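Each chain, letter by letter, is given below.
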Amino acid sequence: MNDEHLLQLLNEHPGQYISGEEISRRMSVSRTAIWKGINRLKEKGYEFESTSRKGYRITRRPDRFDVTALQLALNQKGSWGQPLHLFESVASTQDEARILAEQQTAEGTLVIAEEQTAGRGRQGRPFYSPSGRGIWMSLVMRPVQPLQYMSQLTLLAAVAVCRALRSTTQLDIGIKWPNDLLIDGRKVCGILIESAAEDGRVRYAIAGIGIDANLTAEDLPEHLQSIVTSLRIESGQVIDRTSIVAEVISELETLYQCYTDEGFAPIAALWESMAISIGKSIQVHNAQGSFQGIAQGLGMNGELLLRLADHQVIPIYSGDIEF
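The name that an unreviewed UniProt entry assigns to the protein is Bifunctional ligase/repressor BirA, with the source organism given as Paenibacillus nicotianae. Check the Catalytic activity (unreviewed entry) section of the UniProt entry for the protein; it says "biotin + L-lysyl-[protein] + ATP = N(6)-biotinyl-L-lysyl-[protein] + AMP + diphosphate + H(+)". Turning to the protein, the UniProt annotation filed under Sequence similarities (unreviewed entry) states: "Belongs to the biotin--protein ligase family."

Pasting the structure below:
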């Protein structure tokens with residue numbers, strides 16, 4: 001008996017009962033097989049109400065990720081997210097995804113972990129990834145493009161995740177260049193794109209995405225409390241992480257196809273519409289020094305265009321910005 005199919009039937013009418021007779025008819029299985037399937041779902045953390053006259057309904061879903069539910073949600077949205085690798089704890093989903101990429105895994109392969117013990121962000125900074133509280137995942141992509149355009153993919157990922165989180169939470173989320181997502185000045189998501197190249201072309205790229213989904217204020221270490229927030233803190237509601245994963249991967253796949261078909265221009269326009277820095281005075285710190293100016297927009301390769309006090313416009317390819 002297919003547990004994924006059983007879960008799909010139970011999810012068709014949230015909060016309502018579905019009779020054993022209906023399940024038996026639609027799945028062509030016995031009542032005993034249904035009972036065994038329900039028990040397997042219970043072992044994964046689902047809770048049910050059941051009555052002899054009404055059937056079954058889900059009353060509580062597990063707080064942990066479940067492969068069956070994730071695969072179902074991803075399959076309903078698109079083709080990416082397969083194959084799916086779910087871990088309880090890893091050092092970094094980026095490392096696991098890189099191993100798979102080197103083994104020629106398919107584009108769209110997704111690695112998710114409940115916990116990262118050595119998660120990292122841009123410039124090797126540690127990324128706080130506690131168990132069961134967030135979405136810590138890495139996606140394998142195989143873009144056909146020169147290495148010099150990889151910054152465009154970084155901005156694409158920021159747009160995709162921002163769109164997904166806005167649509168699922170209704171929160172006012174903006175992008176800080178190049179790809180941090182903020183709510184009222186506090187970080188709710190970090191994105192890291194790492195790639196491998198050969199002869200100047202990209203062999204594969206891995207998009208690491210860390211979303212602070214269900215962290216509470218008490219979960220955050222003291223040094224992060226003023227600079228980090230979560231979807232739960234901002235919305236006041238527990239977040240369905242599975243739905244968020246499916247929506248993010250769907251947006252990534254959709255925008256990636258748009259990028260492949262139409263180039264960078266539509267992605268750049270979307271990024272600028274969601275950016276919190278455009279038109280504002282910012283300070284940029286990078287290896288070349290510190291620069292003060294007005295953020296004008298994006299260049300053709302995804303660089304940030306900064307207008308200095310003397311009206312000269314310079315491209316910024318990397319660095320940290322402050323408002």
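Colleague: Can you explain the sheet that holds strand E9 (residues 201-211)? Please cite residues and give values.
Modeller: In spatial order, the strands read E3-E4-E5-E9-E8-E7-E6; together these seven strands make up an open sheet with mixed pairing. Each edge of the open sheet is held by one strand with a lone partner, namely strand E3 (84-90) and strand E6 (174-176). This sheet shows a mean twist of 20° between the axes of neighbouring strands, independent of strand direction. Note that strand E8 (residues 186-198) and E9 share ten bridges and pair antiparallel. Paired with Cys-189 across the two strands is Ile-211, which belongs to E9.

Colleague: I'd love a proper account of the nonpolar core, names of residues and values included.
Modeller: The biggest cluster of nonpolar side chains holds 65 residues, and the ones touching the most others in it are Ile-211, Val-245 and Leu-252. Per-element accounting of this core gives the leading share, twelve residues, to helix H6 (residues 150-169). For this core, the domains that each give at least three residues are domain 2 (67-273) and domain 3 (277-322).

Colleague: If you had to explain the packing of helix H8 (residues 241-262) against helix H9 (residues 265-274) to someone new, which residues and values would you point to?
Modeller: The interhelical angle for the contact between H8 and H9, taken along N-to-C directions, is 135°, at an axis separation of 8 Å. By the angle between their axes, H8 is oblique relative to H9. Where H8 approaches H9, its residues Leu-255, Cys-258, Tyr-259 and Glu-262 are matched on the opposing element by Pro-266, Ile-267 and Leu-270. Here the residues of the contact of H8 with H9 are counted per class, giving six nonpolar, no polar and one charged.

Colleague: So, the domain arrangement of the protein: which residues are in play, and what are the values?
Modeller: Structurally, the protein comprises domain 1 (3-60), domain 2 (67-273) and domain 3 (277-322). Put simply, the middle of domain 2 and the middle of domain 3, counted by C-alpha atoms, are 25 Å apart. Contact with domain 2, which involves 13 residues of that partner, is made by 15 residues of domain 3. Between domain 2 and domain 3 the total buried area reaches about 1,200 Å² when both faces are included, carbon and sulfur atoms providing 54% of it. With a closest N to O distance of 2.5 Å, Arg-125 and Asp-320 form a salt bridge. If you look at where domain 2 meets domain 3, you find five residue pairs in polar contact (both at pLDDT 80 or more).

Thresholds applied
Residues numbered from 1 in each chain as written. Predicted model: local features only at pLDDT ≥ 70, side-chain atom pairs only at ≥ 80, totals over all residues. Heavy atoms only, no water. UniProt positions renumbered as here; feature names shortened; annotations may be inferred. Pairing = 2+ DSSP bridges. Helix = DSSP H or I, 4+ residues; strand = E, 2+ residues; numbered from the N terminus. Axes fitted to C-alpha atoms, helices over the stretch in contact; angles between N-to-C directions. Core = buried A, V, L, I, M, F, W, Y, C linked by side-chain atoms within 4.5 Å. Buried < 20%, exposed > 50% of the residue type's maximum accessible area, 1.4 Å probe, protein only. Domains from an automatic or database assignment. Parallel < 35°, antiparallel > 145°, perpendicular 65-115°, else oblique. Contact = heavy atoms within 4.5 Å. Nonpolar A, V, L, I, M, F, W, Y, C, P; charged D, E, K, R; others polar. Buried area = accessible area lost by both parts, 1.4 Å probe. Salt bridge = Lys/Arg side-chain N within 4 Å of Asp/Glu carboxyl O. Polar contact = N/O pair within 3.5 Å; in protein donor to acceptor, adjacent residues only side chain to side chain.

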